[in-house]
Amino acid sequence: TGKSGVENAMNCKGLILNSFNQTKTLSNIKKILQENQIKKFYLQGEDWDILREIEKSENLEYWKLLEKQKDYCYLSPWELINKYKISKRVAKSACYSLMFGISFFDFFDIEKAKVLDQSEFLRLASIYPKFVSECDTNPPLKKK
C-alpha cells in the first residue's frame, strides 16, 4: 500500500475489531469473561498456530505481538521468510494472523495466553476430565 507496517496493521485491526463488535456471540463471551474475571486463556486453531510459529513459543503475550506488527505488516512474504525463517504458509498470512491476534487480545482484554496443540488437546480432552491443571472444568455459577 505504500504505507508503514503500523498503518497497514491499524487498517487491518479496524476491520477485524469492527467484525468482532458486530458479532453477538463474541460480545456475550466478552461479558462472561468480564463478569467472572477470567484471566487465563488457552487458544487453539490455525491463526493461533501461525502466531505460535511467529513467536516461536506457545505462550503469546500482547506486547510481544504489538512489537511485530511493524515488520510483519510491511515486509513481503519473501522478506519475512528470509528475515525471520518462517514457513511460506505463515509468511503469506502473517500480517492478518498477527492483527487478528492483537485484535482478539484487545477485544477480550487479554495480556497473555497459551496456544494448545490440537493433537495434544484432543488426546488429553478425550482421556482426562481435567486436561490442563489450571483449568477449572466446574467453575462456580453466579447467582442472579
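Here, every reference points to the structure presented above.
Residues numbered from 1 in each chain as written. Predicted model: local features only at pLDDT ≥ 70, side-chain atom pairs only at ≥ 80, totals over all residues. Heavy atoms only, no water.

Caption draft 1: Layout of the overall build of the protein chain. Along the backbone of the protein chain there are eight helices and three strands. Among the 144 residues that make up the protein chain, the fraction classed as buried is 33%. Long-range contacts, defined here as pairs at least 24 residues apart, represent 72% of the contacts in the protein chain between residues at least 6 apart. About 9,600 Å² of surface is accessible on the protein chain, with carbon and sulfur atoms providing 53% of the total. (Helix = DSSP H or I, 4+ residues; strand = E, 2+ residues; numbered from the N terminus. Buried < 20%, exposed > 50% of the residue type's maximum accessible area, 1.4 Å probe, protein only. Contact = heavy atoms within 4.5 Å. Areas by Shrake-Rupley, 256 points an atom, 1.4 Å probe, with all protein chains shown as cover.)

Caption draft 2: Structural detail: unusual backbone geometry. Its identity as a non-glycine residue notwithstanding, Gln37 has a phi of 50 degrees, on the positive side. Note that Gln37 resides in the loop between helix 2 (24-35) and strand 1 (42-43). Positive phi, normally seen in glycine, also occurs at Lys56, with a value near 55 degrees. Along the chain, the position of Lys56 falls in the loop between helix 3 (46-55) and strand 2 (59-61).

Caption draft 3: Structural detail: the packing of helix 4 (residues 62-72) against helix 7 (residues 94-108). Orientation of helix 4 relative to helix 7, taken along the N-to-C sense of each, is 150 degrees, at an axis distance of 10 Å. For the crossing formed where helix 4 meets helix 7, the hand is left-handed. Facing helix 4, whose interface residues are Tyr62, Leu65, Leu66, Lys68, Gln69 and Tyr72, helix 7 presents Ala94, Cys95, Leu98, Met99, Gly101, Ile102, Phe105 and Asp106. Residues belonging to the contact of helix 4 with helix 7 are distributed by class as follows: 10 nonpolar, two polar and two charged. (Axes fitted to C-alpha atoms, helices over the stretch in contact; angles between N-to-C directions. Left-handed = near helix turned anticlockwise from the far one by under 90°. Nonpolar A, V, L, I, M, F, W, Y, C, P; charged D, E, K, R; others polar.)

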